Amino acid sequence: MPSSDDYAREVIRAGRDMGVSPRGIVIGLATCIVEVGYPLRMYANRKVPESLLLPHDAVGDDGYSVGLFQQQIRRGSSGEWWWADCATCMNPYKSARLFFERLVKRDYDHGDPGAHAQAVQGSAYPDRYGQRMGEAQRLYDRLSGGPVSTYYDSDRSSEFGFGGPRPISGLRGVCIHTTESGKSATATARTADDVTTYQATSQTGSYNVMVGVDGKRILQNTDDWQTWSTGNNGNDILLHVCVVGNASQSRAEWLAQDKMLRAVGSVVGHWCRLYGWPIKKVDAAHLPGVLGHVDTRVWGGTDHTDPGPNFPYDVVLAYAQGAPTDEEIDMASTADERKLDLILDQIGPKLPGWGPQSSFGKDAQGRELTLRDGVIAKLDRMQADIDAILKAVTK
């Protein structure tokens, strides 16, 4: 008999063959998990004799439903099938196509994914689908390689036993935090792993994803697990991403950490697309969307001001729109390094003391001219700084 993963792969294949988005396929997998449990099993039905003659893992008696999606083997008043014949509904690929044929008639990439599943299935328990969406996402990611490049780089969620389960049907947005453990622009900033280890052992707080200065993304808690992040209602209705940094940082200091901002954007983009939320900055009164810890103060329980007034939401949300992969980030960095080399080739000879062993040369007072961290990926924004340097050393 096929395994649970074999069944899931057939659902994924059917969705892809029909041009269904990853979010739609996850909705399909969540529906299967609700209907037949996990690991997935192929159900026959003792009230449907022909189903007992087909390959199956278990036998049920809920109405006349069979298969992974528990589709009813009944005919309407005009003789048409509610879904299809028994053999079709007990074929993992064909039954998945039946489900997706109805799902694609809806705007399933937006809004509550559980509600879309319910609209197709018509269950007497409409809240169940949303509660299994996180589990379905992890199943999809594992079989398709999703989270390695788009969501998180390492999984340490098994270390966070505090908190508790929560229904993802109640989630309404993304909250951004800072660790307040040091400015991310300094060489002494603590790593994402350092902070994660401290939180896991001290049980003083937690997030869904922690992002380091180097762009490393650590999964601390899955979407369906309550974190200790805001000290208020935000723990129940928000997904939380925290960056190693400080709310007092200037915009320039934030922009100097481009790889980190890209990583945060990839996490935000993943969540917003998964749950159908707009990728925009909002306050607590205008969810769904993206906000900061400071915005949750209206709910009480916290006096925090992170991620600070200078946090570049515009940059992060722009990255979230595209959610670049690690490979795309590396390619962009390489292209910008070439761009920097070209610029330095032009301005270098104009700097006193320039030589083949000097990257930036020295001015008449012997002060080394350096360009601040992040210039490689932010040359266009720093053209004014470069012009100012040239003006200062050519007086």
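Everything discussed here concerns the structure shown above.
Going along each chain's sequence as written, the residues are numbered from 1 onward. Local features in this predicted model are restricted to residues whose pLDDT is 70 or higher, and side-chain atom pairs enter the listing and the counts only when it is 80 or higher, whereas totals over whole chains, interfaces and linings include all residues. Values shown for side chains rest on all heavy atoms present in the structure; no hydrogens or waters enter the calculation.

Student: Account for the overall build of the chain, naming residues and giving values.
Tutor: On a plain count of helices and strands, the chain comes out with 15 helices and twelve strands. Residue exposure (1.4 Å probe, protein chains only): buried if accessible area is under 20% of the type maximum, exposed if over 50%, otherwise partly exposed. Residues classed as buried in the chain amount to 51% of the 395 residues present. A sequence separation of at least 24 residues applies to 66% of the contacts in the chain between residues at least 6 apart. For helices the rule is a DSSP run of H or I covering at least 4 residues; for strands it is a run of E covering at least 2, with both sets numbered from the N terminus onward. Any two residues whose heavy atoms approach within 4.5 Å at even a single point are treated as in contact.

Student: Quick one: what's the story with the pattern of salt bridges, residue by residue and with numbers?
Tutor: Note on definitions: salt bridges are taken to be side-chain nitrogens of Lys or Arg within 4 Å of carboxyl oxygens of Asp or Glu. The full count for this structure, using the stated rule, is 14 salt bridges. Here Arg 13 ties to Asp 17 by a salt bridge, and the two come within 3.9 Å at their closest N and O atoms. Linking Arg 13 with Asp 17, this pair stays in helix α1 (residues 4-17), spanning four residues, or about one helical turn. Judged by relative accessible area, which is 48%, Asp 17 ranks as partly exposed. Of the charged contacts, one joins Arg 156 and Glu 159 as a salt bridge, the two residues approaching to 2.8 Å between their closest N and O atoms. A relative accessible area of 14% places Arg 156 in the buried class. Bridged by salt links that share partners, the residues Arg 156, Glu 159, Asp 193 and Lys 216 form one connected network.

Student: So what's going on with the sheet that holds strand β9 (residues 217-219)? Residues and values would help.
Tutor: Sheet strands pair by backbone hydrogen bonding; their relative direction is either parallel or antiparallel. Paired strands are those between which DSSP finds at least two bridges. One open sheet accounts for six strands, arranged β5-β9-β8-β11-β7-β12; its pairing is mixed. With one partner strand each, in any of the chains shown, β5 (154-155) and β12 (289-292) form the two edges of the open sheet. Both β5 and β9 contribute to a ladder of two bridges, which runs parallel. Bridging across to β9, Asp 155 finds its partner in Leu 219.

Student: So what's going on with the packing of helix α2 (residues 22-36) against helix α5 (residues 113-121)? Residues and values would help.
Tutor: Fitted lines through C-alpha atoms give the axes, limited to the stretch in contact for helices. The angle between two N-to-C directions lies from 0 to 180 degrees. Where α2 meets α5, the closest approach of the two axes is 10 Å, and the angle between their N-to-C directions is 65°. Handedness of the crossing formed by α2 with α5: right-handed. Contacts between α2 and α5 involve Arg 23, Ile 27, Thr 31 and Glu 35 on the former and, on the latter, Pro 113, His 116, Ala 117 and Gln 121. Residue classes in the contact of α2 with α5 are distributed as three nonpolar, three polar and two charged. Here a crossing is called left-handed whenever its near helix is offset anticlockwise from the far helix by less than a right angle, and right-handed whenever the offset is clockwise. Amino acids outside the nonpolar list (Ala, Val, Leu, Ile, Met, Phe, Trp, Tyr, Cys, Pro) and the charged list (Asp, Glu, Lys, Arg) are all regarded as polar, and Gly is one of them.

Student: Let's hear about the packing of aromatic side chains: which residues, and what values?
Tutor: Note on ring pairs: Phe, Tyr and Trp rings are taken, using the six-membered ring of Trp, and paired if centres are within 6.5 Å. Classes follow the plane angle, with under 30 degrees stacked, over 60 edge-to-face and the rest tilted. For the structure on display, the rule yields seven aromatic pairs. Plain terms: the ring middles of Tyr 275 and Trp 277 are 4.9 Å apart, the flat faces sit at 20° to each other, and that makes the pair stacked. Look at Tyr 275 and you get buried, because its relative accessible area is 5%. A relative accessible area of 9% means that Trp 277 is categorised as buried. For a Lys NZ or an Arg CZ to count as sitting over a ring, it must be within 6 Å of the ring centre and within 35 degrees of the ring normal. Over the aromatic face of Trp 81 sits the side chain of Arg 75, whose NZ or CZ is 3.8 Å from the ring centroid. Its end group placed over the ring of Tyr 313, Lys 281 keeps NZ or CZ at 5.1 Å from the ring centre.

Student: Give a detailed account of helix α12 (residues 258-275), specifying residues and quantitative values.
Tutor: Expected span of a helix: the number of residues minus one, times 1.5 Å. The end-to-end C-alpha distance of α12 is 26 Å, a good match for the 26 Å that 18 residues give at a rise of 1.5 Å each. Of all 18 residues in α12, 16 are buried, a share of seventy percent or more. Once α12 ends, the next one or two residues include Gly 276, with phi positive near 75°.

Student: Account for the side chain of Ser 95, with residues named and values stated.
Tutor: Mapping Ser 95 onto the fold places it in helix α4 (residues 92-103). For Ser 95, the contacting residues outside a window of four places in its chain are Phe 69, Gln 71, Thr 88 and Cys 89.

Student: Tell me about the pairing of β12, residues and numbers included.
Tutor: Judged by which residues are buried, β12 turns out to be covered on both faces: Gly 289 and Leu 291 on one side and Val 290 and Gly 292 on the other are all buried. Pairing between strand β7 (residues 173-178) and β12: four bridges, direction parallel. Its bridge partner being in β12, Cys 175 is matched across the sheet by Leu 291.

Student: Summarise unusual backbone geometry; cite the residues concerned and give the values.
Tutor: The phi torsion of most residues other than glycine is negative, and most of the peptide bonds are trans. Residue Pro 39 follows Tyr 38 across a cis peptide bond; omega there is 5°. Along the chain, Pro 39 falls in the loop between α2 and β1 (43-45). Of note, the amide linkage connecting Asp 306 to Pro 307 takes the cis form, showing an omega dihedral of 10°. Considering the arrangement of structural elements, one finds Pro 307 in the loop between β12 and α13 (313-322). Although it is not a glycine, Gln 70 adopts a positive phi angle of roughly 50°. Its place among the elements puts Gln 70 in the loop between β3 (65-66) and β4 (71-72). The phi angle at Gln 203 is positive, at roughly 50°, despite the residue not being glycine. Looking at where Gln 203 falls in the secondary structure, it is placed in the loop between α9 (192-202) and β8 (209-211).

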